[in-house]
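Residue-level structure breakdown
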Amino acid sequence: MSPRRLPLATLNAFETAARLGSFRTAAEELHVTPAAVSHRIKALEAELGVRLFERRARGVALTQAGERYRERIAEAFTLIEQATAELGRPPIDGPLRVSAPQSFTRHCLLPRLGDLLQRHPGLRLELLGADHLVDLHRGEADLAIRFGGGHYPGLQTDYLLGDAITALGPAEAATGDWRRQRFIEDGGATATEPWSHWSPWWHAEGLHATSDLARLRVSDAGLALAACRQGLGLCLTRFTLARQTLGQGTLKPLRPWRRTEFAYYLVGLPGVLASPRAAAFRDWLRNGLAPLEQELQADLAGSSGQSPQRPE
């Protein structure tokens, strides 16, 4: 079958019926008759040469081919809705310089960045992966993503994403004697992040004489996680950094996740975040991080009953 453009009304009838599981309910949403929906579906199946629905006494159900087709068609309609919504917004072509911690840039921004650049090809984005605080008042960046308490005098602040921390290592370390382990220390953790240091974890494990424990000190959290992956010891890692590593199954959380004292915030000079360019970046980032926030909240809710509510 040579590919050709199918009528949008036909595809819309299919997507609606597939989503609602009923030709009659789909007809109500589309403001047509059930017969019209059925006719469009039959025409689509005839054109494709594939049966998309199983007709049953009580409604309809998608075939395997129909389910595959529904997923792609739903994506297409989502793109149409997004394009329609963006049509009335001011153009955001031009430069935007954003500073963010290197770990956040690597693990949270870069995997999602292709979507932003595809949506806004005229946006000339410059990312500064910097762990030091840039001076927005001196124009070192337009916007900054900061991991902190959310209080930045003279700057407008928008919450983006919380985080959590736990000890990470091979599965056998979860029940083994921690005195036999080497502990990787993050030299970049500040005194305001007590659970980013090993002392409270050792205390919780009943390890009070810690001077003889084997240690390896590295400069930052990303390097600590890399050393842990190399089997050099246990590390303390944040959810946002370790999520991809945990998916590989070689390392496991050794204790329940604990909410960090800090969260990620988007900050800018008063009025800058309201500009079309900055607002578009903020909205895209919030939407992109929302599934990660939901996953974090679920893990926290299942870990030792800690409150999963995000900071205000």
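Rules used throughout
- Residues numbered from 1 in each chain as written.
- Predicted model: local features only at pLDDT ≥ 70, side-chain atom pairs only at ≥ 80, totals over all residues.
- Heavy atoms only, no water.
- Helix = DSSP H or I, 4+ residues; strand = E, 2+ residues; numbered from the N terminus.
- Pairing = 2+ DSSP bridges.
- Axes fitted to C-alpha atoms, helices over the stretch in contact; angles between N-to-C directions.
- Contact = heavy atoms within 4.5 Å.
- Buried < 20%, exposed > 50% of the residue type's maximum accessible area, 1.4 Å probe, protein only.
- Lys, Arg positive; Asp, Glu negative; His and termini not counted.
- Salt bridge = Lys/Arg side-chain N within 4 Å of Asp/Glu carboxyl O.
- Polar contact = N/O pair within 3.5 Å; in protein donor to acceptor, adjacent residues only side chain to side chain.
- Core = buried A, V, L, I, M, F, W, Y, C linked by side-chain atoms within 4.5 Å.
- pLDDT = per-residue confidence, 0-100.
- Right-handed = clockwise from strand over helix to strand, strands pointing away.

Quick notes on unusual backbone geometry
- Phi at His 31 takes a positive value of approximately 60°, unusual for a residue other than glycine.
- Here His 31 shows up in the loop between helix H2 (23-30) and helix H3 (34-48).

Examining the sheet that holds strand E3 (residues 94-100)
- The mixed open sheet is built from five strands, whose spatial order is E4-E3-E5-E13-E6. With partners counted over all chains shown, the strands left at the sheet margins are strand E4 (123-129) and strand E6 (156-161), one partner each. The mean inter-strand angle of the sheet, taken between neighbouring strand axes irrespective of direction, is 25°.
- Together, E3, E4, strand E5 (143-148), E6 and strand E13 (263-268) form the strand contacts of helix H5 (residues 102-119), whose direction differs from that of E4 by roughly 165°.

Describing the side chain of Arg 146
- In this structure, Arg 146 sits in strand E5.
- Although buried, Arg 146 forms no salt bridge, and the nearest oppositely charged side chain, Asp 135, lies 6.7 Å from it.
- A distance of 2.8 Å separates a polar atom in the side chain of Arg 146 from the backbone oxygen of Val 134.
- The contact partners of Arg 146, leaving out residues within four places of it in the chain, are Leu 133, Val 134, Leu 136, Tyr 152, Leu 155, Ala 263, Tyr 264, Tyr 265 and Val 267.

Considering the nonpolar core
- In this structure, Phe 104, Ile 145 and Phe 281 are the most contacted members of the largest nonpolar core, which totals 41 residues.
- Here the element with the most residues in this core is helix H9 (residues 276-301); it accounts for eight residues.
- Contacts of Phe 104, omitting those with residues within four sequence positions, involve Leu 109, Ile 145, Leu 161, Tyr 264 and Leu 289.

Digging into the confidence of the model for the protein
- Taken over all residues, the pLDDT of the protein has a mean of 88, while the share at 70 or more is 94%.
- When the elements of the protein are averaged for pLDDT, helix H4 (residues 64-87) gives the smallest value, 84, and strand E8 (residues 182-186) the largest, 96.
- The model gives residues 305-312 a pLDDT under 50, and that stretch makes 18 contacts with residues more than four places away or in other chains.

Remarks on the pairing of E3
- Within E3, five of the seven residues are buried, which leaves the element mostly enclosed by the surrounding structure.
- Where E3 meets E4, seven bridges bridge the pair, whose relative direction is parallel. Residue Gly 94 lies in a different strand from E4, and its bridge partner there is Leu 123.
- Since E3 and E4 lie parallel, the crossover through H5 that links them has a hand, and here it is right-handed.
- With two bridges joining them, E3 and E5 adopt parallel strand pairing. Looking at E5, one finds that Ser 99 is bridged to Ala 144.

Quick look at the environment of Val 50
- Examined against the element boundaries, Val 50 turns out to sit in the loop between H3 and strand E1 (53-56).
- For Val 50, a relative accessible area of 34% gives the class partly exposed.
- When the C-alpha positions of Val 50 and Ala 65 are compared, they lie 7.5 Å apart, and in sequence the two are 15 residues distant.
- Leaving out residues up to four positions away in the same chain, Val 50 has contacts with Glu 45 and Ala 65.

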